[in-house]
Amino acid sequence: MKTWRIFVISSIFITGYCQDVNLTFPEHLKLGVATASYQTEGAWNANDKGVNVWDFWTHKYPSLIADESNGDVACDTYNKYKEDVQIIKNLGFNFFRLSISWSRILPSGLANEISKDGIQYYKNFITELIANDIEPVVSLYHWDHPQVIEEMGGWTNELIVDWFADYARIIFTELGPYVKIFTTINEPQIFCSQGYGSVKTAPGKLLQDVGPYLCGHNVLKAHAKVYHMYDDEFRATQRGQIGMALSASSHYPLDADDNVSPDTAFQFECGWFMNPIFIGDYPEIMKTRIDMISERQGYSESRLPRFTPEWIAYIKGTADYFGLNHYSSKIVEPDPEEEFNVYNTDEGIIHTRNSTWSMSATSWLWVVPEGFGNVLRKIKNDYGDPTIFVLENGYSDEGELDDYHRIEYYYSYLKELLIAVNRDGCKVERYAVWSILDNFEWSEGYTKKFGIIGVDFDNPSRNRTYKLSAKWWEKVLHTRTLLEVPRSSAPNNYTWSFMITACCIMSVFNYFHIFR
Ligand code: BGC
C-alpha cells in the first residue's frame, strides 16, 4: 500500500480514537462542591459552642501549623453562608457537601445539652440551600470532635460509639427531614493514623502502632451503629442514603512484575474501612501482616483488634453508596529492608512518585489523571459495582487567581471520570469539587489553597473572588460538557485531531499535485 494511504487511514483511526470519549455529563451524575466545618465556618466560640479538638490543638500548639494560624474565623461561613449559597447557585452546582460541627450542636460533647443556636445555624444554612435548588449533602463528622470527648479518650474509647450515635440521632431528628444524603465519617484512615499515631493532626496523640487501629475499630462500630439507627428509626420517613467517605489513591508498581504491592497499599489505605463495610472484616493482608509484626515486636496479641462474628455481620452492608475522596496516585515498591527481617511499617511498602508527574503545591498531591479512572474501575470490580459518590477531588496552589493548572487538573481528571462512567459503566452519581472556597488546610494553615473561589484572609470581611477555575466551572455546568482548558500547556485531543486532519487535507492536496 502506498505510504500516503497508510498515513491517511491511520490518521482517520487516530482521530476517531481521540474523539471517542463522550465528554458530556450524563443526567444522573450530579456535580457539586464540598467543604468542612472547621476549615470554613469560623465563629469558634459563638454563643454556646463547645471547644473541639482543632480549636484546642491550634490554640495550644500554633507552631505545629505552617503559618501558626487557626480556624477561629476561617472563611467566616457562619456569618456569610448566604453569600456562599448565591455563589454556588450562580455557578450552577447541583449540590453542596458541608459537615456539622459536633461541638456546635453538643457543647458538652454529650447529648444532655443541645445548642439551639447550633441547630438553628445548620437549619438556616440547609434551608437556604434548598430554597436555591442546591441539594445539601451532610457529613456528621469531619475531624472536629469535642475536646471533652477527647479528654475521655476520643476515638480510642469504645464509648464513643454510643456518644457518636447519640449525636447522630439529634442530627437526623432535627435536620434529617431536609437532607437526603448523609456521610457518617470523613476519611478515618487519615485522622486515625495522623491523629492517634503522630502529631500531624489533632488530637496528636502518639499512641504509636496501637492507637490508629483502635481508632479505626471504634470508627467502624460507630458508623455501623449510626447506619442501623437510621434504618430502624428514620429511613422509612426520611428515605435518605448514608455512607462513609474514604480517600483512595491509585497505586502503580515500581517494578512492572510486582503485582502485590499496589493492592497491599490499597488495602492499608482504603480496604481497612471499606472491606468491613462492603465485604466483611478487615482485609486478609492487614490481618496477616499486623499479626506477624505484632508478634515479632513482642506484643501479647495483635495490634489490629478483631471483630466478633456478630460485629462482622453488623458492619457488613452498612453503606448505601461508596464515598470516595480522590486526589492523587503513588508509585509503590516492597520495603527492601524486610528481606533482612526489618519491618519499618505494617504495610511494608515504600511510596514514591514518578518523576514525570507534575506537582501541586501540596507535597503528596501529584497530578495523575488516569489514576482516578483506575480507582473507579477497581472499586467497581472489587466491591460489587456499588453506586459511587466522589465526595472530594481537587488541586492545591498558592492562591493564584488565574489558576490554569487547577483547570488543567479538573479537565484531565473529569475526562477520566467520564471515560469510567460513559465507557466503562462505573456507577458514579455524585462528583464534588474540593473546594468551593480557599480554606484552613489543617497543618498547612492558609499556605495552600484548594478553592475555586479565593478568600481574602487578611481582610476581616473575608471577601470572595472568582478564580479563573470558577468561571471555567460555570461554563461546564451550564453546558454539562467538559470544556477545553483556556490555555493549555500540552497538546490535547482537539489539538491532535486538528493537526491530524490538517495533515490529511495536505496529503490529499499533495496527491492531486503529484498525479495531475
Ligand atoms: C480532607 C480535606 C482536606 C483535603 C485536602 C481531604 O483529605 O477531607 O479536609 O482539606 O483532603 O488536603
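Residues numbered from 1 in each chain as written. Predicted model: local features only at pLDDT ≥ 70, side-chain atom pairs only at ≥ 80, totals over all residues. Heavy atoms only, no water.

1. Thoughts on the pattern of salt bridges
Next, step 1: Under the counting rule described, the total for this entry stands at 28 salt bridges.
Next, step 2: The closest approach of N and O atoms between Arg289 and Glu338, which form a salt bridge, is 2.5 Å. Of this pair, Arg289 sits in helix H12 (residues 284-297) while Glu338 sits in the loop between strand S8 (329-334) and strand S9 (349-352); the two residues are 49 residues apart in sequence, bridging distant segments of the chain. In this structure, Arg289 and Glu338 share a single accessibility class: buried.
Next, step 3: Salt bridges sharing common partners tie together Asp166, Arg169 and Glu233. (Salt bridge = Lys/Arg side-chain N within 4 Å of Asp/Glu carboxyl O. Helix = DSSP H or I, 4+ residues; strand = E, 2+ residues; numbered from the N terminus. Buried < 20%, exposed > 50% of the residue type's maximum accessible area, 1.4 Å probe, protein only.)

2. Overview of the domain arrangement of the chain
Next, step 1: Domain boundaries assigned for the chain yield domain 1 (1-23 + 494-516) and domain 2 (24-481).
Next, step 2: Taking only C-alpha atoms into account, the centre of domain 1 sits 46 Å from that of domain 2.
Next, step 3: Taken together, the contacts link 4 residues of domain 1 with 9 residues of domain 2.
Next, step 4: Linking domain 1 with domain 2 are 0 salt bridges.
Next, step 5: The interface formed by domain 1 and domain 2 holds 2 residue pairs in polar contact (both at pLDDT 80 or more) in total.
Next, step 6: Residue classes in the side of domain 1 that touches domain 2 are distributed as 3 nonpolar, 1 polar and no charged. (Domains from an automatic or database assignment. Contact = heavy atoms within 4.5 Å. Polar contact = N/O pair within 3.5 Å; in protein donor to acceptor, adjacent residues only side chain to side chain. Nonpolar A, V, L, I, M, F, W, Y, C, P; charged D, E, K, R; others polar.)

3. Some words on a nonpolar patch on the surface
Next, step 1: Together, Tyr61, Leu64, Val199 and Leu206 make up a nonpolar patch on the protein surface, roughly 330 Å² of accessible area in all.
Next, step 2: Turning to its location among the elements, Tyr61 is positioned in the loop between helix H3 (53-60) and helix H4 (77-91).
Next, step 3: Here Tyr61 falls in the partly exposed class, since its relative accessible area comes to 34%. (Patch = residues over 30% accessible without salt bridge, like charges linked within 9 Å, V, L, I, M, F, W, Y side chains within 5 Å. Areas by Shrake-Rupley, 256 points an atom, 1.4 Å probe, with all protein chains shown as cover.)

4. Section: the site of the ligand
Next, step 1: Close contacts around the ligand come from Gln39, His142, Trp143, Asn186, Glu187, Tyr327, Trp364, Glu392, Trp434, Glu441, Trp442 and Phe450, and that covers them all.
Next, step 2: A distance of 2.9 Å is found between an oxygen atom of the ligand and a side-chain nitrogen or oxygen belonging to His142.
Next, step 3: Side-chain polar atom of Asn186 to an oxygen atom of the ligand: 2.9 Å apart, as the coordinates give it.
Next, step 4: About the coverage of the ligand: the protein hides 94% of its 310 Å² of free accessible area.
Next, step 5: Taken together, the residues of the shell around the ligand break down into 6 nonpolar, 3 polar and 3 charged. (Near = heavy atom within 4 Å.)

5. Details of the pairing of strand S1 (residues 30-34)
Next, step 1: The buried fraction of S1 amounts to 4 of the 5 residues, a majority that puts the element mostly inside the structure.
Next, step 2: Strand direction decides the pairing type here: S1 and strand S13 (residues 428-434), joined by 5 bridges, are parallel. Bridging across to S13, Leu31 finds its partner in Tyr431.
Next, step 3: Note that S1 and strand S2 (residues 95-99) share 3 bridges and pair parallel. (Pairing = 2+ DSSP bridges.)

6. Details of helix H15 (residues 404-423)
Next, step 1: Its 20 residues give H15 an end-to-end C-alpha distance of 27 Å, which sits within 8% of 28 Å, the value for a rise of 1.5 Å per residue.
Next, step 2: Where H15 ends, the next residue or the one after it, Gly425, has phi of about 75°, a positive value. (Expected span 1.5 Å × (residues − 1).)

7. Topic: the sheet that holds strand S7 (residues 322-325)
Next, step 1: Spatially, the 8 strands close up into a barrel ordered S1-S2-S3-S4-S5-S7-S12-S13, and their pairing is parallel. With direction set aside, neighbouring strand axes in the sheet form an average angle of 25°.
Next, step 2: Contacts from helix H9 (residues 188-195) reach strand S3 (135-141), strand S4 (181-186) and strand S5 (241-247), with the element oriented near 50° to S5. (Axes fitted to C-alpha atoms, helices over the stretch in contact; angles between N-to-C directions.)

8. Regarding the nonpolar core
Next, step 1: Within the largest apolar cluster, 147 residues are counted, with the highest numbers of intra-cluster contacts made by Trp155, Tyr431 and Trp473.
Next, step 2: Ignoring anything within four residues of it in the chain, the contact list for Tyr431 reads Leu29, Lys30, Leu31, Gly32, Phe95, Phe372, Val390, Asn393, Tyr410, Leu414, Leu417 and Trp473. (Core = buried A, V, L, I, M, F, W, Y, C linked by side-chain atoms within 4.5 Å.)

9. Section: the side chain of Thr58
Next, step 1: In this structure, Thr58 sits in helix H3.
Next, step 2: Assessed through its relative accessible area of 2%, Thr58 is described here as buried.
Next, step 3: Within polar-contact distance, the side chain of Thr58 engages the backbone oxygen of Trp54 at 2.7 Å.
Next, step 4: Setting aside residues no more than four positions away along its own chain, Thr58 makes contact with Tyr38, Ile65, Ser69, Asn70 and Phe440.

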